[in-house]
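Next come the chains, spelled out residue by residue.
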Amino acid sequence: MSTPPAARQAAPQLPEGWTVNPAPTDPAFVVTYGKSGAGKTTDMVYSFPTAVFLTQPGAIKMAMPQCGYQPTELRVGTIMEATALIPQVAKAGYGGVVVDDFSALAENTFAAIEAAIKGNNKFAKFDAMRTAVLQFRNTARAAGCFVVLNAWEQEPKVNEKGERLRGGPMLSGKLPEQLPAMADLVLRIGYDGMRQGRHPYSYFVQGGLDWVGKDRDTGTPNPAPVNLAEILRFNGYLVPRLRGLEAGEAYVQDLAIKLFTGNPNDDRAAVEATYAALLGAGLDRRHAYWLARDGYDRAQLQRAGRDRWTSFFPANARPGLPAGPPPAAAPPAAPAAPPLPALPGPPTA
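Residues numbered from 1 in each chain as written. Predicted model: local features only at pLDDT ≥ 70, side-chain atom pairs only at ≥ 80, totals over all residues. Heavy atoms only, no water.

S.K.: Could you give an account of the overall build of the chain, naming the residues involved and the relevant values?
M.R.: Looking only at helices and strands, the chain features 10 helices and 12 strands. A burial count over the chain gives 48% of its 349 residues as buried. In the structure as shown, the chain presents an accessible area of about 17,300 Å², 56% of it carried by carbon and sulfur atoms. (Helix = DSSP H or I, 4+ residues; strand = E, 2+ residues; numbered from the N terminus. Buried < 20%, exposed > 50% of the residue type's maximum accessible area, 1.4 Å probe, protein only. Areas by Shrake-Rupley, 256 points an atom, 1.4 Å probe, with all protein chains shown as cover.)

Structure follows, in structure tokens:
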């Protein structure tokens, strides 16, 4: 494990327009979904290094080569097994539970239900499946720790009754709507040709008539960078870093403020400078990329937060459809950051 040199002892002065959201009282229950290969699992591994991953074989094999660490992993075969483990993980003090992939787990669960319920009583089978999913949802909601799942994407469709169903997590019946109903945050990942960087995808929280999406914390922009940890931090949650990389938070914040207050045309040079500084300090290249990624994405979220209230109507709004009322009060002042170890800081140039 490489350790980043810590930056200065005092927290940097927050610039004008920087959003500081109050800390929510409960950890988040999050649902993400999208097509296979879009980067859902990679973002989960980056975002929740202190969580327990409930997986099937091979699900997070990219963790070490891409992110530079091996998550705590437990193998599960059914949704019922995952549900039973959530309270145990929460009680053990881990940083949350990540279920990857919920759609694959649902397939295995339904196969187990079919094996247990003999005959052609499909209603009993689907009722058992629905019960398993809703028990998982209710357990996740009451867990007292982060519970995050990703799922495959199911396209919008019209059912046999002629009812239009929004696209969402790939599950049977009405479960694509019922599972996310109690979540704090529901995000669809999709290709975004406007997104800069190595990964041209974004999270979309506004689903409209076609896709399931929501944000109870109200702060997530649409689109948002594929960085769930930074989205949650932006919304006020405390999301732990990988043990040994805690001091890198100062680099993340320094880079984010530099980008936020600077010209977007200079973003690339600033990010490369921070990345080079971390590499020069002996940090593992995977961890250096991780911290630079967080700093860049934090700046994008802060820019969106600043721009949110610059106009009564958002840029894509139709007349008569305002974005919503302004905040009732100014955001609270940021708490002072705890002292960091006295080691060389990042370059100021």
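S.K.: Could you give an account of the pattern of salt bridges, naming the residues involved and the relevant values?
M.R.: In total, this model carries 18 salt bridges according to the counting rule given. Taking the shortest distance from any N to any O, the salt bridge between Glu153 and Lys35 comes out at 3.4 Å. Here Glu153, found in strand β5 (residues 147–154), pairs with Lys35, found in the loop between β1 (29–34) and α1 (40–47); they are 118 residues apart in sequence, far enough to count as distant. Residue Glu153 is classed as buried on the basis of its relative accessible area, which comes to 11%. Lys35 gets classed as partly exposed once you look at its relative accessible area, which sits at 47%. (Salt bridge = Lys/Arg side-chain N within 4 Å of Asp/Glu carboxyl O.)

S.K.: If you had to explain helix α10 (residues 285–307) to someone new, which residues and values would you point to?
M.R.: Its 23 residues give α10 an end-to-end C-alpha distance of 33 Å, which sits within 8% of 33 Å, the value for a rise of 1.5 Å per residue. The buried fraction of α10 amounts to 17 of the 23 residues, a majority that puts the element mostly inside the structure. Between a side-chain oxygen at the N-terminus of α10 and the backbone nitrogen of Arg286 the separation is 2.7 Å; the capping residue is Asp284. (Expected span 1.5 Å × (residues − 1). Polar contact = N/O pair within 3.5 Å; in protein donor to acceptor, adjacent residues only side chain to side chain.)

S.K.: Report on helix α5 (residues 122–141), specifying residues and quantitative values.
M.R.: Over its 20 residues, α5 extends 29 Å from the first C-alpha to the last, a length consistent with the 28 Å expected when each residue adds 1.5 Å. Looking at α5, one finds that the buried residues are Lys125, Met129, Ala132, Val133, Leu134, Phe136, Arg137 and Ala140. Where α5 is buried, its residues touch β1, α3 (79–92), β4 (97–100), α4 (102–116), β5 and α6 (175–178). (Contact = heavy atoms within 4.5 Å.)

S.K.: Describe the environment of Ser36, listing the residues and the values that go with them.
M.R.: Locating Ser36 in the fold gives a position in the loop between β1 and α1. In this structure Ser36 comes out as exposed when scored by relative accessible area, which is 66%. In sequence terms Ser36 and Ala151 are 115 residues apart; their C-alpha atoms lie 8.7 Å from each other.

S.K.: An account of the nonpolar core is needed here, citing residue identities and associated values.
M.R.: A general tendency of soluble globular proteins is for nonpolar side chains to be buried together. Of all hydrophobic cores here, the largest spans 41 residues; its most connected members are Val45, Phe48, Leu185, Leu228 and Leu232. Mapped onto this core, the elements with two or more residues apiece are α1, α2 (63–67), β9 (185–191), α7 (228–234), α8 (249–261) and α10. The dominant element in this core, judged by the number of residues it contributes, is α7, at five residues. Every residue in contact with Leu185, bar those within four places of it in the chain, is listed here: Phe29, Val30, Val31, Val205, Lys214, Asp215, Thr220, Leu228, Ile231 and Leu232. Of all hydrophobic cores here, the second largest spans 36 residues; its members include Ala106, Ala132, Val147 and Leu175. (Core = buried A, V, L, I, M, F, W, Y, C linked by side-chain atoms within 4.5 Å.)

S.K.: Explain unusual backbone geometry to me, and be specific about the residues and the numbers.
M.R.: Among all residues save glycine, negative phi is the norm, and among peptide bonds the norm is trans. Residue Asp101 follows Asp100 across a cis peptide bond; omega there is 0°. Mapped onto the fold, Asp101 is located in the loop between β4 and α4. Of note, the amide linkage connecting Asn222 to Pro223 takes the cis form, showing an omega dihedral of 0°. Of note, Pro223 is situated in the loop between β11 (214–215) and β12 (224–225). If you check the backbone angles, Thr218 has positive phi at about 70° while not being a glycine. Relative to the assigned elements, Thr218 resides in the loop between β11 and β12.

S.K.: Lay out the packing of aromatic side chains with the relevant residues and their values.
M.R.: Per the stated rule, a full pass over the model turns up nine aromatic pairs. Taking 5.2 Å as the distance between ring centres and 35° as the angle between the ring planes, the aromatic pair formed by Phe110 and Phe126 counts as tilted. Of the two residues, Phe110 is situated in helix α4 and Phe126 in helix α5; the sequence distance between them amounts to 16 residues. Phe126 gets classed as partly exposed once you look at its relative accessible area, which sits at 43%. A network of ring pairs unites the aromatic residues Tyr46, Tyr69 and Trp290 as a single cluster. Directly above the aromatic system of Trp211 lies the positively charged group of Arg188, at a separation of 4.4 Å from the ring centroid. Its guanidinium or amino end placed over the ring of Phe260, Arg306 lies 4.6 Å from that ring's centre, counting from NZ or CZ. (Phe/Tyr/Trp six-rings, centres within 6.5 Å; stacked < 30°, edge-to-face > 60°. Lys NZ or Arg CZ within 6 Å of the ring centre and 35° of its normal.)

S.K.: Which residues make up the environment of Pro87, and what are the values?
M.R.: Mapped onto the elements of the fold, Pro87 is located in helix α3. Residue Pro87 is classed as partly exposed on the basis of its relative accessible area of 43%. Between the C-alpha atom of Pro87 and that of Cys145, which follows or precedes it by 58 residues, the distance is 9.0 Å.

S.K.: I'd like a description of the pairing of β4, backed by residues and values.
M.R.: Of the two faces of β4, the one holding Val97 and Val99 and the one holding Val98 and Asp100 are both buried throughout. Relative to β4, strand β2 (residues 52–55) runs parallel, the two sharing four bridges. If you follow Leu54 over to β4, its bridge partner there is Val99. Taken together, the three bridges between β4 and β5 define a ladder with parallel strand orientation. Considered in β5, the bridge of Val98 is made with Val148. (Pairing = 2+ DSSP bridges.)

S.K.: Please provide a residue-by-residue account of the confidence of the model for the chain, values included.
M.R.: When pLDDT is averaged along the chain, the result is 88; 86% of the residues meet or exceed 70. For the chain, strand β7 (residues 164–165) is the element with the lowest average pLDDT, namely 86, and α7 is the one with the highest, namely 98. Within the model, pLDDT remains below 50 along residues 317–328, and this stretch shows 12 contacts once partners closer than five positions in the same chain are excluded. Low pLDDT, under 50, characterises residues 330–349; the stretch is placed with 32 contacts to residues that sit more than four places away or in other chains. (pLDDT = per-residue confidence, 0-100.)

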